[in-house]
Amino acid sequence: MKYLNQALIVASLTLIASATSSGSVITSLLNPSNDHTYYLLSQANWVNSQAEALTLGGNLVTINDADENAWIYSSFANFSGIHRNLWIGFNDVANEGNFVWASGEQPGYTNWFGNDPDNYLNNQDFAFIINDNYKTTAPTYQGPYIQRWGDVDNITSVGSLPLHGVVEVTNVPLPSTIFLFLSGLSVLLLRCQDPRDCRPVF
Ligand SMILES: [Ca+2]
Ligand SMILES: [Ca+2]
Ligand SMILES: [Ca+2]
């Protein structure tokens, strides 16, 4: 019985660890300026946070401009009174020095801090937004950070603060969906004006 209890405890802890390490959802918000839905995830490394983003139907956030950067920071960096650094989708995993967004978008906007991205110790491939409450003794990494970005490796905290992913889901507006449906229907109808041409188009 004693061993059974121990086994159950180990199994439970393993389940808890696997649930929390993947970055579960803390809260979600709609950004009225682009109608995209954003999720704040629990503390996790970049790879696990991006995996969770995919299951939510999106990616770690793509920051298209300064307005979106400011909105994300004000919405999530200190949500519920907890200071945190924020994972974003920018990374150079595939090609060192060539940062790309997880979503594949190419907005061209960047907001790096100081000398970053510096790929410190040849091992930093993931970008995050630095929280203004971040504390460090490193002389080259002092604030103010003013919502700027740093590159770090696949870790779960940096400096004094945890790392949390922000997910962006691009909602498909209903009018576009209806337009696509009607377009497809009109193609079908055009093809069927002559009964001899009626056939599946896909
Ligand atoms: Ca975006
Ligand atoms: Ca790198
Ligand atoms: Ca760095």
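Refer to the structure presented above.
Anyway, here's the lowdown on the structure attached to this text. All values derive from a computational prediction rather than experimental measurement. Here, residues in each chain are numbered from 1, in the same order as that chain's written sequence. Ligands are numbered from 1 and chains lettered from A, in the order in which they are written. In keeping with the predicted nature of the model, local features appear solely for residues at pLDDT of at least 70, side-chain atom pairs appear and are counted solely at 80 or more, and the whole-chain, interface and lining totals rest on all residues. Side-chain numbers here rest on the full set of heavy atoms in the structure, without hydrogens or water.

Here's the deal with unusual backbone geometry
As a reminder, the rule being used: Put simply, DSSP marks the helices as runs of H or I at least four residues long and the strands as runs of E at least two long, and each gets a number from the N terminus on.
Cis geometry is adopted by the peptide bond preceding Pro117, which originates at Asp116 and carries an omega value of 0 degrees. Mapped onto the elements, Pro117 comes out in the loop between strand S5 (100–101) and strand S6 (126–129). Here Gly143 and Pro144 are connected by a cis peptide whose omega angle stands at 10 degrees. Along the chain, Pro144 turns up in the loop between S6 and strand S7 (149–152). For Asn119, which is not glycine, the phi dihedral falls at a positive 50 degrees. Structurally, Asn119 can be placed in the loop between S5 and S6. Phi angles above zero are rare outside glycine, and Leu121 is one such case at about 60 degrees. Mapped onto the elements of the fold, Leu121 is located in the loop between S5 and S6.

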